[in-house]
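Structural characterization, general
The residues making up each chain are set out below.
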Amino acid sequence: MNFKENNRICQLLNIEYPIIMGGMSWAGTPKLAAAVSNAGGLGVIGSGAMNRAQLKEAIETIRNLTDKPFGVNIILVSPYADELVDLVIEEKVPVVTFGAGNPSKYMSRLKEAKIKVLPVVASDNMARMMERIGADAVIAEGMESGGHIGEVTTLVLVNAVCRAVKIPVIAAGGIADGKSMAAMFALGAEGIQMGTRFIASTEADTHENFKKLILKSSIRDTVITGARLGHPARVIETRFAKKVKELETKNLQEAEEVLVGSLRKAVVDGNIEEGSFMAGQCVGLINEIKSVKEIITDSVNEFYATIQGLCKLLK
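Position numbers for residues count from 1 along each chain, tracking the sequence in the order it is written. Per-residue local features of the predicted model are confined to residues with pLDDT of at least 70, and side-chain atom pairs are confined, for both listing and counting, to 80 or more; whole-chain, interface and lining totals are unaffected and use all residues. Here the side-chain values reflect all heavy atoms present in the structure, with hydrogen atoms and water set aside.

An unreviewed UniProt entry lists the protein under the name Enoyl-[acyl-carrier-protein] reductase FabK, from Fervidobacterium pennivorans.

Printed below as a string of structure tokens:
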């Protein structure tokens, strides 16, 4: 099977494999994104914690590291969202993914600039809306994912979204290998997005404490914090995560205060006592640090093997 010839995501994004890197704030560095793009996927810079100047520097850096297509993820609740959109248009970034909101007000300008737009959706209704306003594809992200989540599982969400729209669907949430990829393709998805799996890579700039936590965690070792604050997020269960959940039942203001800056403390500092280690339930499927190229190659090979195994059932 040649993805480039037969897959709409590969054709749309001009990539070799339909594997996209999640737009992870602090973890989605130019170095990691470039590694994903160089390995045949689509690397994505996570601009969630960046202002205009920082994103401009990140775009310049990734262009020095790869000549392959790449993307920028923009979180719509960011106070810098407007200027970040202006910048990606000025810089002619090939692909933009959006999270945490509705990017409708930016769509016409992005399309005029010939930028591919891939919004993250958590429902079939949102997917239909994104299709109507001109999205090139949608990323259906289930609640198994790391970071801020919706309420529907990946299995159900991807199934529903693929039935709801005609544009390509990229599955996300709890995906870390080729078997998961094959399952999503069986539901109608034409690509996958992985985040947590790429954190556990040699090219990731994330702190070693974060990588070690992923390796030692099981599928039951993540919890949801922030639900009572209105922004639920899946994180690896640590003493800090337990503290936040306890504060949410007693003092919402204090819970909100201790969460400020906690993602940076996890990703950059590896601070077990004060960091929110956002990761998906697929941590339990990850047991070794690999290079990005190995992750993508192994995933694709396992995808092929899984599909071939299923085809034998028809003989």
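So much for the structure itself; the text now carries on.
Topic: the overall build of the protein
What the protein contains, in helices and strands, is 15 helices and 11 strands. Each principal axis of the C-alpha atoms in the protein carries an extent, and together these give about 55 × 50 × 40 Å. Looking at the protein as a whole, 53% of its 315 residues qualify as buried. Any pair of residues with heavy atoms lying within 4.5 Å of one another is described as a contacting pair. The long-range share in the protein, meaning contacts at least 24 apart out of those at least 6 apart in sequence, stands at 60%. Only four residue types enter the charge count, namely Lys and Arg as positive and Asp and Glu as negative; His and the chain termini do not. Taken as the charge location is NZ of Lys, CZ of Arg, CG of Asp or CD of Glu. Each charge class in the protein can be summarised by its mean position, and for the 36 positive and 36 negative side chains these summaries are 4 Å apart. Working definition: helices are DSSP H or I runs of at least four residues, strands are E runs of at least two. Numbering for both runs from the N terminus. Relative accessibility decides the category of a residue: with a 1.4 Å probe and only protein chains considered, values under 20% of the type maximum give buried, values over 50% give exposed, and everything between is partly exposed.

Looking at the nonpolar core
Counting residues in each nonpolar core, the largest one holds 95 residues, and the members touching the most others are Ile-45, Leu-55 and Phe-198. A total of six residues in this core trace back to one element, the largest contributor, which is helix α5 (residues 81-90). Where each domain begins and ends is defined by an automated method or by a domain database. Taken domain by domain, the makeup of this core includes at least three residues from each of domain 1 (3-205) and domain 2 (218-278). In this view, Phe-198 contacts Ile-19, Ile-20, Met-21, Leu-32, Val-36, Ala-204, Val-292, Ile-295 and Ile-296; residues no more than four positions away in its chain are not counted. Judged by nonpolar contacts, the second largest core, of seven residues, contains Leu-229, Phe-240, Val-244 and Leu-247. What makes a nonpolar core is a set of buried Ala, Val, Leu, Ile, Met, Phe, Trp, Tyr and Cys residues whose side-chain atoms join them at distances within 4.5 Å.

A word on a nonpolar patch on the surface
Note on patches: the residues involved have over 30% relative accessible area and no salt bridge, like charges join within 9 Å, and the nonpolar side chains Val, Leu, Ile, Met, Phe, Trp and Tyr join within 5 Å. All accessible-area figures derive from a Shrake-Rupley calculation using a 1.4 Å probe, and residue coverage is judged against the displayed protein chains alone. Every case where a carboxyl oxygen of Asp or Glu lies within 4 Å of a side-chain nitrogen of Lys or Arg is listed as a salt bridge. On the surface, Val-152, Leu-155 and Val-156 cluster together to form a nonpolar patch covering roughly 240 Å² of accessible area. Of note, Leu-155 is situated in helix α8 (residues 154-164). Take Leu-155: its relative accessible area is 53%, and that puts it in the exposed class.

Structural notes on the pairing of strand β6 (residues 138-141)
Neither face of β6 is left uncovered, since the one carrying Val-138 and Ala-140 and the one carrying Ile-139 and Glu-141 both have all their residues buried. Pairing of strand β5 (residues 116-121) with β6, which is carried by two bridges, proceeds in the parallel orientation. By the bridge assignment, Val-120 is partnered in β6 with Ile-139. Call a crossover right-handed when, viewed with both strands pointing away from you, the route from the first strand across the helix to the second goes clockwise. Between the parallel pair β5 and β6, the chain is carried across by helix α7 (residues 124-132), and the sense of this crossover is right-handed. The pairing criterion for strands is at least two bridges between them, as found by DSSP.

Some remarks on the sheet that holds strand β10 (residues 222-225)
If you trace the three strands from one edge of the open sheet to the other, you get β7-β11-β10, paired in antiparallel fashion. Of all strands in the sheet, those bounded by a partner on one side alone are β7 (147-148) and β10. Relative to strand β11 (residues 233-236), β10 runs antiparallel, the two sharing four bridges. Looking at β11, one finds that Val-223 is bridged to Val-235.

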